[in-house]
Amino acid sequence: MNHPELDISAVVERLEALRVALIEESQSSSGARDTVMLDQTAVGRLSRMDAMQSQAMAKAEEERRQLALRRITGALARIEKGEYGECIKCGEWISKKRLDWDPLVLKCIDCAD
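Values in this document were obtained by computation on a predicted structure and should not be read as measured data.

### Focus on the overall build of the protein chain
Here is step 1: When helices and strands are tallied, the protein chain shows three helices and zero strands.
Here is step 2: Ordered by position from the N terminus, the helices and strands of the protein chain form the series α-α-α.
Here is step 3: Looking at the protein chain alone, contacts between residues at least 24 apart form 61% of all its contacts between residues at least 6 apart.
Here is step 4: Entry remark: accessible area of the protein chain is about 7,900 Å², with carbon and sulfur atoms responsible for 54%.

### Quick look at the nonpolar core
Here is step 1: Among the nonpolar cores identified, the biggest contains 19 residues, and Leu-15, Ile-79 and Tyr-84 are the most heavily contacted of them.
Here is step 2: Put simply, the parts of the chain that give this core at least two residues each are α1 (8-28) and α2 (45-81).
Here is step 3: Tallying contributions element by element places α2 first for this core, with six residues.
Here is step 4: Apart from residues no more than four positions distant in its own chain, Leu-15 is found in contact with Ile-72, Ala-75, Leu-76, Ile-79, Pro-103 and Leu-104.

### Some details on the pattern of salt bridges
Here is step 1: Under the defined criterion, the tally for this structure stands at seven salt bridges.
Here is step 2: Arg-64 serves as the salt-bridge partner of Glu-61, at 2.9 Å between the closest nitrogen and oxygen. Of this pair, Glu-61 and Arg-64 both sit in helix α2, three residues apart, which is roughly one turn of the helix.
Here is step 3: Ionic pairing is found between Arg-65 and Glu-61, a salt bridge with its closest N-O pair at 3.9 Å. Note that Arg-65 and Glu-61 are positioned in helix α2 at a spacing of four residues, about one turn of the helix.
Here is step 4: Salt bridges linked by common partners bring Glu-25, Glu-61, Glu-62, Arg-64 and Arg-65 together as one network.

Conventions we followed
Residues numbered from 1 in each chain as written. Predicted model: local features only at pLDDT ≥ 70, side-chain atom pairs only at ≥ 80, totals over all residues. Heavy atoms only, no water. Helix = DSSP H or I, 4+ residues; strand = E, 2+ residues; numbered from the N terminus. Contact = heavy atoms within 4.5 Å. Areas by Shrake-Rupley, 256 points an atom, 1.4 Å probe, with all protein chains shown as cover. Core = buried A, V, L, I, M, F, W, Y, C linked by side-chain atoms within 4.5 Å. Buried < 20%, exposed > 50% of the residue type's maximum accessible area, 1.4 Å probe, protein only. Salt bridge = Lys/Arg side-chain N within 4 Å of Asp/Glu carboxyl O.

The following block contains the structure:
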């Protein structure tokens, strides 16, 4: 049974909206993750280093988005199984406030340490 205090349809709607937003962000930022080309017209190596740093930050952000997408998939799977809102460590219900704040949490506050 999913968490008894939650409106599961609202949770699913929120998770789906978050998934769409993350996918859109990923698609719109794909150019920032492209290989940095050596630009002969650039001022110098500092310009290239700056471009490489921007590329590395864009790749790290994409990794965070992909992790969030996997967590969303996991949360939707737990909803399908009827296990959403249960702490994966102790099996107790995660507080409603905690799930409202972050619908992707897996552990209750006591087990999160």
